[in-house]
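Descriptive structure summary
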Amino acid sequence: MSLGALPGSTLHISPSSESMSNPDQILAPATSDTNGSFITSTSNARASNVLAGSSSMSPQDDKAVGTAAIKKVQSRVSLSLQDNAVGRRFFVNPGHDDKFVNYDPPPTGPAWMRRNAIYPILFYPYLLVLKMAQDSARAKALNPFVDNTVRTARYTIVSFIPSQLVVQFSKVANIYFFMVSMLQIIPNVSPTGRFTTIFPLSFFIIVSMIKEAYDDFFRHKQDAAENNAPVLRLAVTGPGIRGSVLRNASVRGTAPAPPSAEVPTITVSGGIEMQGLNPANNLRTKQGLASGDWVKVSCKDIRVGDIIRLRDREFIPADIVVLASSNADGVCFVETSNLDGETNLKQRQALKATSDAIFDVDSLANFKALLHTESPSGDLYNFDGFLVDNSGSRYPLTPNQFLQRGATLRNTKEVFGVAVYTGEESKIRMNSYAPPAAKMPHVERLTNKVIILILASLLVFSAVGTIAYVVWDSNERKYPSSEALRHWYLADNTGYSLVYFTFLILFNAFIPISLYVTMEVVKIVQVYFMMNDLAMYDHERDIPAQANTSSLNEELGQVQYVFSDKTGTLTENIMEFRLFSVAGRSIRHPSCPPRNDDSCDGTLVIQELSIARLRGAGMSPAQQQTYNFLEAMALCHSVVPDLSQAQIDSNLPPFNSDEKMPNAHTVSSILYQSSSADEVAIVNAARDLSFVYKTRTPTTLSLSILSQLVDSEYEILNTIEFTSDRKRMSTIYKYPDGRIMLLTKGADNVILERLHSDSELTPEQREIKAKTLADTGAYATEGLRTLLYAFKELDPAVYQTWNEKYAEATTAITNRVALVAAVAEELERGLTLLGATAIEDKLQEGVPNTIENLRRANIRVWMLTGDKTETAINIGRTCNLIKRDSHLMLLNDETCQLASRNGNAVAGIHNWIEESIIKFKELKRDPNNPDVVLASCHILVAVEGRLLSKIEKHLAANPESTTFERLLDLLIAADNVICCRFSPSQKALLVRMVKDRLNRQHLSASGASPLLTELSGPPPTAWSRFWTTVLLRPRQSGVTLAIGDGANDIPMLLCAHVGIGITGREGLAASRASDYSIAKFRFLEPLLFVHGRWSYVRICLFTMGTLYKNITFYGTQLIFQFWCGYSGTSLYEQWTLSLNNVLFTALPVIVVGIFEKDLNRSTLMAVPELYRYGQQNRGFNFRIQLRWFFQAFLHAVLSVLLPAILYGGFFNSAEKGNIQSPLFFKANASSWFQQVLLSDGTGPDQETGLYPFGTISYTITILFCTIKVLYIESHTITAVHHGIGALTFLVWIGYQFVYSYVWTPHSVFGSDTAYEYSGLYFPIIHSQIRFWAVVILSVVIGLVVEDISLKFFELLAYLVRWGHLGGRREVVEVGGQTHRGESSRQPRNNYERVFEEARVAAMHATGEHNWAEEVAWWQFWEKAHGIGSSLFEDPTLKEK
């Protein structure tokens, strides 16, 4: 058996006779020149040529090597390696002079320095010195590759503080407040103290840094546990063996010891523990042979080239190439659930050359080889390289010999392997899915705009205050007749240069310093509620909802477009074999129920084949084709049989226990493992039809056909794997009768292109082909997944020639996949059709209802799949994507008439698009009244990926083409879209294009789609767009959501605004790369309708409340400047001022951000129309924000003006004025208001006069913010709200009591300011009833006049609008009755009762005004029906 028979290993280059006689010369001491070739002495030049890949071989060598074609293959590959100098080259059991070479060393410098094009130029000297040092270290090192240490922790002790400072000050708000704090340090500039900004800023930054340090500490612990895990590494002793194989962590970089006749002593240190020293080692060393023992080392000490031993159920510590296995033929099995989530076992096989040469530890110690592999990459599914053994033979290394770090060895006693990639260069560490750009929520974008607007206003206020101060000071500083000062508190010389910065510091907290930090806390708690929601918990598989980010919570409440994969997302990805078509007949699998068509029972067909076989008279052509088809089903796959759980039939006679797989003793209990659920279903179906796949070795595969006593053994020659580009798989077998057969299966469009033309077929063959294709179309129409099978008998000479080309492609280090695909294309031509299979992928539970509810929520669902058009359309009908009365527009070759256009395909596509747009308008408009748009008209567009590829190519060649843009116009306006035969890159492209359109819709007069804008009303003029902007009308959100379950969906998930991963049977790759993950598609309803909408409402209320409280509080500083000569004097004591955002107003907004519920869960789930609230940005827009700002400013005015009038915070400038004689009580009715406005607050008790006035104003603002946020604006008022409101007020009172006794002048708590605080709390505030009377009266006036009255008139307007005051009581009474035609089953609990009532009420919410999407109407409806919501549980979930 030649090595060429190995699957994926077809090149076998024999050594020369000289090298065979002297194997040590193959791996003789060598050095590397600048080109990477190996230079040896003349005596072993030819042997070195084999090793180094040189093409200079003598004729004698040619004869020894074999045919000239094989020599040509070796020459091409070897020259390619030398010229390209790619990958890495290392040795197994290296000698003293064997040189490890890394042709692609890691880049120089840190990653952040390489990401920017400017940094390498700025830091060029540093990078140059660093590169020289690294090159020198690599040249001296015996092993230039990285060790096996992994680090998921982001920081070290040294880098944590610098890195975190960079992260924290990358936020614009932090930079702004830092600049303000620097201005405060300047003497005589800050009116609020010199450290009142830097301390709160430092507090929030330190809190963020502590959170990062806490998370990173646990990452360090996990890294330490992984890096210190014990691993068995081979330690080799003997002559000619490099001493470094005995190295430990302390001697890793030292030079090798010179060869010695004595056995070197192994020093046990550094945690290294010797195991099982072989007593025969001394004898083997004396005989000139090496000996080996297993040493227990830490995982981090593994290096490239080390040989390690793995046992069953152990994790693989590094990327290794398997050399030998305890199983027969070097077979081993791994589970990759930690890599891709797939729990099925995958088979890996050692090369026959290494498996035969290694049988124990000593043979392993004496095995020498050179390995050349590709450079490290994050591709989990590909691996290229080759191995040159002791004889000089070169063998290709494929993923079949590759074990990845993180996988688990299963069903294998032990495995020997050599480390190829270690540490950070392992594939699992390099495999990461980074989004193209950070995702930012739409609400946050709008918040940033609002903050910019506030910043601009702050600058304007500072400028106005500066001008007013200059004017006032020039008029009021001195008396005109003399140089005497008008006021005692004015300095003789006052400069105007720093006044602007004084106001900037005074007003800086208009921008909330705590906004983003507290928002992060709020979102983390929201995520906790999501992940613990039982409505999104999959009980069958024990999978809850997961969140990989918390920054996009509110985006879940604004989704307008959903892009969904089909397989595994809408369907279960549980494949059940149903039908197959062969020889002109449609045949049912035994498990398939009877059908109303011409299909026949598969059991009867198998009986016919068995009878014909037993009679020995030969089969009819139809029977022979059926036999060949079922045989191909059992052969053409990559399935691995798991015999560990196979059951033995005890009624049969005993068998020889030495047999690998005893014939006829194993019943249909063999478990099959494969990464493809389709393949498992096909092999299981073949087994059910008596074509039982039993065993597989690296070279053979055995079948039990029709219960025969002797298994048929097929020799595996080649396996060409399935790829997403090829969309087919081929296998080449040598049949038991000697025939060489090519078996190919794949998508119908791919196989049809490679069949014999009809002119080459007989009439009977053409009829069978037509019937098979008709059956395939019928299967696809039912939504079944179809595959076509074809075969081709190969001439041995043709196969040999092709195999040489294939060998060259499989040993290429670079571009191997493309080369293999090109060579395979040559053979996969002129095929003969065998038949077709049909597999059912069941629809997930609740998918049709979910899609209907998404449609009611004004969410357009797009299905993007790789299936054929017929299958996708039928699934669309099944899942309710296509309604009974839907109008279908299909974009494919037939509808565009591409066959008749002679290559001008894009013109046909463009014409179809324009005609479809015209038809779209006609269908959407009422024929009797064109101005009326028919909302009931449902239009679905289906697009084939092949035509999209044509449009892409045309757009690349003609950038001015509008075909793609017009197609997007149609697709965005359509109610639903189905994309068929789409590749992963096409899915990502379409999602990205739609996302970009939606992001720019507010900047374009035509919006996201001119067609959609036209149907929404007359096209907006420039004037109407201007007024839309001026009047701050809400706009559409345009949020996109992509959902998928496979690794091929990751690009689509990353391109959408929000990516949802389905934790399904295709692995965890999608769920790990997504923003959120759920177990079922139907869980989208609670995720979007409940948590998404609640998060949107909560973030909106939190953000507006945060901005409101800052404007209210710091607006008082602005109003107060009217009485202090615009001097920038602060109304509040500096530390009391700085603690406002930290202690006194933070908790109320956090509470509403976490617990706000404007509507009950049952109502939101029953009325999907309520979801439009977030789509239309009705919770947070400039118009609403303007209302909040107006209310905040009015509250600020009342907080200053009412105390000035009612309490008398300012005093008359009479000499005998004191604190007991306020201005208000001394003024008469005609002059009190004028005196209040004109008073400058001076007098002998000025210092004590500012304290009570500032304190009363401060108290009023706290009560304004607490009551408005917790009670007036909140729809959910619970005990937590009451507790937080009381706690906030008590903290403020307690602070005043403590701080009035802590405060001392000219200290940290009481710097050099004109504010007197010490001991004034009790005598001025606590003991005065007038103080509390003014507080209560001011708060009541402010809330009643502004907030409560506004809410009352809003409610009154709603009632009039709904007709409630006109006698239409059904507005709130509807909902208790059962809808006509539905069952009257009694609800099991209150939740079902309320849900049903809300659903029925939504059906009646029609008429002049559609109440279904009116939030206020449903709030009124819930109160009328006594439906409330509590904090931690939904009361409607309780049993009746």
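Residue positions are given per chain, counted from 1 along the sequence in the order it is written. The predicted origin of the model limits local features to residues at a pLDDT of at least 70 and limits the giving and counting of side-chain atom pairs to 80 or more, whereas totals for whole chains, interfaces and linings rest on all residues. Heavy atoms from the whole structure form the basis of all side-chain values; hydrogens and water molecules are not counted.

In this section: the overall build of the chain. A count of helices and strands for the chain gives 52 helices and 38 strands. A simple rule labels every residue: compare its accessible area, found with a 1.4 Å probe on the protein chains alone, to the largest value its type can have, and call it buried under 20%, exposed over 50%, or partly exposed in between. Burial statistics for the chain: of 1440 residues in total, 54% are counted as buried. The contact criterion used throughout is that any non-hydrogen atoms of two residues lie within 4.5 Å. For the chain, contacts bridging at least 24 residues in sequence account for 73% of all contacts bridging at least 6. As displayed, the chain has an accessible area near 61,400 Å², and 58% of this comes from carbon and sulfur atoms. Working definition: helices are DSSP H or I runs of at least four residues, strands are E runs of at least two. Numbering for both runs from the N terminus. Surface accessibility in these figures is a Shrake-Rupley result with a 1.4 Å probe; residues are shielded only by whichever protein chains are displayed.

Glancing now at the sheet that holds strand β33 (residues 887-891). Across a sheet, strands are paired by hydrogen bonds formed along the backbone, either parallel or antiparallel in direction. Pairing between strands is defined by DSSP: at least two bridges between them are needed. Strand order in the open sheet formed by 9 strands is β18-β38-β37-β36-β19-β32-β35-β34-β33, and the pairing between neighbours is mixed. Two strands lie at the open edges of the sheet, namely β18 (546-547) and β33, each paired on one side alone. Summarising the sheet, strand β37 (residues 1058-1062) and strand β38 (residues 1076-1078) pair through 3 bridges and their orientation is parallel. Looking at β38, one finds that I1060 is bridged to Y1076.

Right, let's get into a nonpolar patch on the surface. Without a salt bridge and with relative accessible area above 30%, a residue can belong to a patch; like charges are then joined within 9 Å and nonpolar side chains (Val, Leu, Ile, Met, Phe, Trp, Tyr) within 5 Å. Here, a salt bridge means any Lys or Arg side-chain nitrogen found within 4 Å of an Asp or Glu carboxyl oxygen. On the surface, a cluster of nonpolar side chains totalling about 620 Å² of accessible area is made up of I175, F178, M179, M182, I185, F195 and F199. The class for I185 is partly exposed, based on a relative accessible area of 32%.

Here strand β26 (residues 700-705) lies mainly inside the structure; 6 of its 6 residues are buried. The sheet contact formed by strand β25 (residues 691-696) and β26 spans 5 bridges and is antiparallel. Across the sheet, the residue bridging to V692 is S704, located in β26. Here β25 folds back onto β26, and the loop between the two strands holds 3 residues. Where β26 meets strand β27 (residues 712-720), 4 bridges bridge the pair, whose relative direction is antiparallel. Paired with S702 across the strands is E713, a residue of β27. Linking β26 back to β27 in an antiparallel pair, the connection comprises 6 residues, with L706 at a positive phi of about 55°.

In this section: the side chain of T744. For T744, the location among the structural elements is in strand β29 (residues 740-746). Overall, T744 belongs to the buried group, its relative accessible area being 0%. Contacts described as polar in this section are N or O atom pairs within 3.5 Å, which, within protein, must combine one atom able to donate a hydrogen with one able to accept it, while residues neighboring in sequence count only if both atoms come from side chains. Only 2.9 Å separates the side chain of T744 from the side chain of S730, close enough to count as a polar contact. When neighbours within four sequence positions are excluded, T744 is seen to be in contact with C636, R728, M729, S730, I751, L788, Y789, A790, E828 and L831.

What follows concerns the pairing of strand β12 (residues 369-373). With 5 of 5 residues buried, β12 is to be regarded as a mostly interior element. Direction of pairing for strand β3 (residues 88-92) relative to β12: antiparallel, over a ladder of 5 bridges. What sits directly across from F91, in β12, is L370. As defined by bridge partners, β12 adjoins strand β13 (residues 385-388) across 4 bridges and the pair is classed as antiparallel. If you follow L370 over to β13, its bridge partner there is V388.

With that settled, the discussion passes to the confidence of the model for the chain. Summary statistics for the chain give a mean pLDDT of 75 and a share of 73% for residues scoring 70 or more. Long-range and interchain partners of residues 1307-1314, a stretch whose pLDDT sits below 50, account for 16 contacts in this model, where long-range means more than four residues apart. Known as pLDDT, the predictor's confidence for each residue is given on a scale from 0 to 100. Every residue in residues 1430-1440 is under pLDDT 50, and counting partners more than four places away or in other chains gives 28 contacts.

We now examine the nonpolar core. In plain words, nonpolar cores are sets of buried Ala, Val, Leu, Ile, Met, Phe, Trp, Tyr and Cys residues tied together by side-chain atoms within 4.5 Å. Counting residues in hydrophobic clusters, the biggest one holds 150 residues, and the most contacted among them are L1041, L1088 and W1418. Looking at which element gives the most residues to this core, the answer is helix α37 (residues 1084-1120), with 20 residues. Excluding its chain neighbours within four sequence positions, the residues that come into contact with L1088 are L556, V559, L854, I859, L1041, R1093 and Y1171.

What follows is about the packing of aromatic side chains. Planes of paired rings set the category: under 30 degrees apart is stacked, over 60 is edge-to-face and the rest tilted, where pairs are Phe, Tyr or Trp rings (Trp by its six-membered ring) whose centres lie within 6.5 Å. Taken as a whole, this structure holds 39 aromatic pairs when the rule is applied. Residues F1113 and Y1258 carry aromatic rings whose centres are separated by 4.6 Å and whose planes lie at 65° to one another, so their mutual orientation is edge-to-face. Note that F1113 is positioned in helix α37 and Y1258 in helix α46 (residues 1246-1272), a separation of 145 residues in sequence. According to the relative accessible area criterion, Y1258 is buried, its value standing at 1%. In textbook terms, an aromatic cluster arises when at least three aromatic residues are bridged by ring pairs, as seen for F1113, Y1114, Y1132, F1144, Y1258, W1292 and Y1295. Two limits define a charge over a ring: the Lys NZ or Arg CZ must be within 6 Å of the ring centre, and within 35 degrees of the ring normal. A cation over a ring is seen here: K1268 above Y1108, with NZ or CZ 5.5 Å from the ring centre. For K1268, the ring lying beneath its charged end belongs to W1188, and the centroid distance is 4.7 Å.

This paragraph deals with helix α8 (residues 160-168). One turn of an α-helix holds 3.6 residues; hence residues three or four places apart share an orientation. Among the residues of α8, F160, Q164 and Q168 are the ones counted as buried. All buried residues of α8 fall inside an arc of 55° around its axis, so they share one side. As used here, the arc belongs to the directions running from the helix axis to the C-beta atoms.

Below, the discussion takes up the sheet that holds strand β4 (residues 101-102). With respect to topology, 5 strands assemble into an open sheet ordered β4-β3-β12-β13-β14, the strand pairing being antiparallel. On the outer flanks of this sheet lie β4 and β14 (394-397), each paired with one strand and no other.

Now for the pattern of salt bridges. Inspection of every chain in the model, using the stated rule, returns 47 salt bridges. We note a salt bridge from E679 to K745, for which the minimum N-O separation is 3.2 Å. With E679 in helix α21 (residues 677-688) and K745 in strand β29, the pair connects residues that are 66 residues apart, well separated along the chain. Under the relative-accessibility criterion, E679 is labelled buried at 8%. Ionic pairing is found between R726 and E828, a salt bridge with its closest N-O pair at 3.1 Å. Taken together, the residues span a long stretch of sequence, with R726 in the loop between β27 and β28 (728-734) and E828 in the loop between α25 (816-827) and β31 (832-843) at a distance of 102 residues. Each member of the pair, R726 as well as E828, is classed as buried.

What follows covers unusual backbone geometry. The phi angle at R313 is positive, at roughly 70°, despite the residue not being glycine. Within the fold, R313 resides in the loop between β8 (307-311) and β9 (319-325). A positive phi angle, close to 55°, is found at R981, a residue other than glycine. Within the secondary structure, R981 is located in the loop between β35 (976-980) and α32 (984-999).

In this fold, G876 is placed in helix α27 (residues 869-878). Taking C-alpha positions, G876 is 7.8 Å from I978, a pair spaced 102 residues apart along the chain. What G876 contacts, discounting residues up to four positions off in sequence, is M863, L881, I882 and I978.

What follows concerns the environment of L1137. Mapped onto the fold, L1137 is located in helix α38 (residues 1134-1138). Linking L1137 and A509, residues 628 residues apart in sequence, is a C-alpha distance of 9.7 Å.

Quick look at the state of the cysteines now. Two cysteine sulfur atoms make up a disulfide if the distance between them is within 2.5 Å. In this structure the tally under the stated criterion is 0 disulfides. Here C980 stays free of any disulfide, with the sulfur of C979 as its closest cysteine sulfur at 7.2 Å. Judged by relative accessible area, which is 0%, C980 ranks as buried.

Between helix α19 (residues 602-615) and helix α20 (residues 621-635), the least distance of the axes is 11 Å, while the angle of their chain directions is 110°. With respect to α20, the axis of α19 lies roughly perpendicular. Only Q623, T626, Y627 and L630 of α20 make contact with α19, whose side of the interface consists of V605, I606, E608, L609, A612 and R613. In this analysis an axis means a line fitted to C-alpha atoms, helices contributing only their contacting stretch, and an angle means the value between N-to-C directions, from 0 to 180 degrees. Angle categories are assigned with fixed cut-offs, so that under 35 degrees is roughly parallel, over 145 is roughly antiparallel, 65 to 115 is roughly perpendicular, and the rest are oblique.

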